[in-house]
Structure formats: structure tokens, C-alpha cells
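Examination of the molecular architecture
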Amino acid sequence: FLAEGLRLLTDARESGRLPEMLVMAGERDPHPLLAALEADVERAGGEIVDTTPDILAKITGKENPQAVVGVFAEFDTSLTSLDRAAAPIWLVAQALRDPGNLGTMLRTGDAVGAGGLILLDDSADPFSVEAVRASMGATFTQRVAQARWDEFLPWLRSGPGQLVAASLRDAVPYRGAAYRAPCFILVGNESRGLPEDYEAACDLRVTMPMRGRADSLNAAVAGAVLAYEVLAALER
């Protein structure tokens, strides 16, 4: 997958993730961070390719691309690669279709110190250009796993973990609810929400007040609001 721009690639490098290839505009301003990135990629056996701005534009799909693009091998996204004890909060999204929402959830996870994002069922590609851009570097700080519901639930129940859903069914107010770590925060599809049987399997269902005419929050926003409430509760 692609990651574009020196800042994003520096975030990846500092998180221990190096691209297998750097593609750079032949005419570019020197920068110490770029020099350090080039040196690390070369030491790791990676490839550095100089090209033209026109070729970079075709690679990235942007008319005015930044001067450097990294090409990464996709990460291990199996549930078995996760260490649930590594963080008190994990985000879980079911059938999340919008790559912008996916990237935003990764960014939220980074902000609250979550371990990562688990994508259930048919979700957007977490390594698409749109999702990586929207994550603002959190693709490299957050673990990403992909699974079907019938794989995820047995995995979750095989160890500690509280599954909490944003829901309207038999739910308690999200403020002051009895959260415990590791807390897996589950949000549903942008238009349909969570299937009823998924909600029924949760340990806790919480609801957020809606004071206006809208009947729901954006999926990524709901995840963020709930994540900060869980963070506050666990720190009390």
C-alpha cells in the first residue's frame, strides 16, 4: 500500500515501519528527515526510485503530490497477531464502508491510546490510499485486524475483554456506565447500525443523547465520543 509525504513516512519510521520502496521526485529540496529515511530504507534492503512529478501524480492519484511516496507491504491483520493486554481500549467496527471513517477511527484510537481497530465483516480496505490519508499517520501506530463476526466473538471470549456497543436497544446512558479494561468499543455500519444479534452478544449497551432532529451520529464520531468516555472512566 502507499503512504505519501515526508511527515507520514517519518511517523511510520518512528513507529518501526519502513517502506519497501521510496519513490521520489528527482527535483526535491534536501531535508534531514528525508536523508535519515533514505538511509534506513537502504540499510533494510529497500529500493529508492527517482521519478518525475508527473509519474508521482499518476501513482498517488493527486494533481500536486508531495515529493516522496512510500510503498509498504500490507501488515498482518489476523486476530492472533493482537495482544489484547497491550492497551485498555480497542475499537471495533462492523461493516464500516467509508475509508474516511476508517481512517478517522484509527486517528481516534491513536489519540486515546487504544491498541488498534478490529474490522468486522465486509469493511473498507484499511490500506487504501483514502484510509491511510485520513488516518494522519495512525495506520502506523494502531494495529489493524480483520475478521468475520463468527471468528471475532470466540476470540474475544477466549480471554479478558468487555464488549460495549453504541446502541438504542436495552441501553444505559454512556456517561457513568460500568466500563472495564480491556474494553472493546463496537460501532455499526454507517447506515444500518449493528445487527440485533451482535448487540445481544455485548456485555454492555450504551446510548448517547440526541438533542436535535438527527437520529444517529456518524459512526466514527460515535466511536470517538464513546472512546473518550471509556478513557475517562478507566482513569478515574
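Look above for the structure.
Quick summary incoming for the structure in this document.

It is at 9 Å that the axes of helix H4 (residues 99-112) and helix H8 (residues 219-235) come closest, and there the two elements cross at 10°. As judged from the angle between their axes, H4 and H8 are roughly parallel. The residues of H8 that touch H4, namely those facing Asn101, Thr104, Met105, Thr108, Ala111 and Val112, are Ala220, Ala224, Ala227, Tyr228 and Leu231. Here the residues of the contact of H4 with H8 sort into 8 nonpolar, 3 polar and no charged.

Along strand S10 (residues 183-187), 5 of the 5 residues are buried, which leaves the element largely enclosed by surrounding structure. Here S10 shows a buried face lined by Cys183, Ile185 and Val187 and a second buried face lined by Phe184 and Leu186. Here 4 bridges tie strand S8 (residues 162-166) to S10, and the two strands are oriented parallel to one another. Its bridge partner being in S10, Ala165 is matched across the sheet by Leu186.

Our focus in this paragraph is the state of the cysteines. Each disulfide consists of one covalent bond between the sulfur atoms belonging to two cysteines. On inspection of all chains with the given rule, the structure shows 0 disulfides. Left unpaired, Cys183 is separated from the closest cysteine sulfur, that of Cys202, by 10 Å. Looking at Cys183, the relative accessible area reads 0%, which means it is buried.

Rules of the game
Residues numbered from 1 in each chain as written. Predicted model: local features only at pLDDT ≥ 70, side-chain atom pairs only at ≥ 80, totals over all residues. Heavy atoms only, no water. Axes fitted to C-alpha atoms, helices over the stretch in contact; angles between N-to-C directions. Helix = DSSP H or I, 4+ residues; strand = E, 2+ residues; numbered from the N terminus. Parallel < 35°, antiparallel > 145°, perpendicular 65-115°, else oblique. Contact = heavy atoms within 4.5 Å. Nonpolar A, V, L, I, M, F, W, Y, C, P; charged D, E, K, R; others polar. Buried < 20%, exposed > 50% of the residue type's maximum accessible area, 1.4 Å probe, protein only. Pairing = 2+ DSSP bridges. Disulfide = S-S within 2.5 Å.

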